[in-house]
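Here are the chains, one letter per residue:
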Amino acid sequence: MSLYRDEGVVLRTQKLGEADRIVTILAKRTGKIRAVAKGVRRTTSRFGARLEPFTHVDLQLHTGRTLDVVTQAETLRPYGEALAADYPRYTAGTAMLETADRLTHGEKEPALRQFLLLVGGLRTLADRDHEARLVLDAYFLRSLAVAGYAPVLDACAKCRAPAIRAFAIVAGGVVCGACKPSGSVVPAGETIGLMAALLRGDWALADASESRHRGECSGLVAAYLQWHLEHGIRSLRHVEREPA
């Protein structure tokens, strides 16, 4: 029997048979893992509640032929408990889990920086120090940067001219008037400044931003993310409808 240990965040689960689940985990050292958790849907399960989405867990797994098998699970921090009672934070967290799943394509390919970003994002959401949508947009921008898709925000993405006129997803960020492609949008300068602040972690500037600039920023970041993923993030529809 080949056993290994790792810690990770549960991204999603799906039913398997009468009592089992397939659990998808983003692990610190191993990367994304899909493993069978046997008997977790029974009321007598030893670790059923420890393998729910949002849970940061320490795991022991047995390497299987197709799917690994979870043999031990200990909770490190149950982020779901802190987020479940707060709809905006819960939906933002759900979008984080889905994005982490989409950005880590292959199984068992180390993705330490994506893991650390996800844990940090969930911790920041749970600590309630910043508005939920700001935390989500910061997570989107930084996870895209780790994946190699950071938007250019300080000069034209095509010619590097300092005169910024618009934001163009297909160009990879802000563009000047000469390079502006069709389909570009012209956001407020404060919106671009907010995106840059979230990308570099300037929370003093981000927290002081106005609501209209936050809304414009969220729209641009969501569109930019989904263009690079080539898929929509289903959970975003709930984030965008969060109650005031």
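Quantities reported herein were computed from a predicted structural model and do not represent experimental measurements.

Draft legend 1. How the structure looks around the overall build of the protein. Scanning the protein from N- to C-terminus turns up eight helices and seven strands. Oriented by its inertia axes, the alpha-carbon framework of the protein measures out at about 65 × 35 × 25 Å. Within the protein, the fraction of its 244 residues that count as buried is 50%. Surface accessibility of the protein: about 11900 Å² in total, with carbon and sulfur atoms responsible for 49%.

Draft legend 2. Geometry of the domain arrangement of the protein. The domain boundaries assigned to the protein delineate domain 1 (3-79) and domain 2 (86-238). In this structure, domain 1 and domain 2 have C-alpha centres spaced 29 Å apart. With 23 residues of domain 1 in contact, the opposing surface of domain 2 contributes 23 residues. Summed over both partners, the interface of domain 1 with domain 2 buries about 1900 Å², with 65% contributed by carbon and sulfur atoms. Taken together, the links from domain 1 to domain 2 amount to five salt bridges. A salt bridge links Asp68 to Lys108, with the nearest nitrogen and oxygen atoms 2.6 Å apart. One can count seven residue pairs in polar contact (both at pLDDT 80 or more) joining domain 1 with domain 2.

Draft legend 3. Structural context of helix H2 (residues 87-103). Taking 1.5 Å of rise per residue, 17 residues should cover 24 Å, and H2 covers 24 Å from first to last C-alpha, within 8% of that figure. Taking burial as the measure, the 17 residues of H2 include 13 buried ones, the bulk of the element.

Draft legend 4. Molecular detail of the sheet that holds strand E2 (residues 20-27). An order of E1-E2-E3-E5-E4 is seen for the five strands of this closed barrel, with the pairing classed as mixed. Direction aside, the axes of adjacent strands within the sheet are offset by 45° on average. In the sheet, strand E4 (residues 55-62) pairs with strand E5 (residues 68-78) via eight bridges, with the strands oriented antiparallel. Paired with Asp58 across the strands is Glu74, a residue of E5. Against the sheet, H2 contacts strand E1 (3-16), E2 and strand E3 (31-37), and its axis sits at roughly 110° relative to E1.

Conventions adopted
- Residues numbered from 1 in each chain as written.
- Predicted model: local features only at pLDDT ≥ 70, side-chain atom pairs only at ≥ 80, totals over all residues.
- Heavy atoms only, no water.
- Helix = DSSP H or I, 4+ residues; strand = E, 2+ residues; numbered from the N terminus.
- Buried < 20%, exposed > 50% of the residue type's maximum accessible area, 1.4 Å probe, protein only.
- Areas by Shrake-Rupley, 256 points an atom, 1.4 Å probe, with all protein chains shown as cover.
- Domains from an automatic or database assignment.
- Contact = heavy atoms within 4.5 Å.
- Buried area = accessible area lost by both parts, 1.4 Å probe.
- Salt bridge = Lys/Arg side-chain N within 4 Å of Asp/Glu carboxyl O.
- Polar contact = N/O pair within 3.5 Å; in protein donor to acceptor, adjacent residues only side chain to side chain.
- Expected span 1.5 Å × (residues − 1).
- Pairing = 2+ DSSP bridges.
- Axes fitted to C-alpha atoms, helices over the stretch in contact; angles between N-to-C directions.

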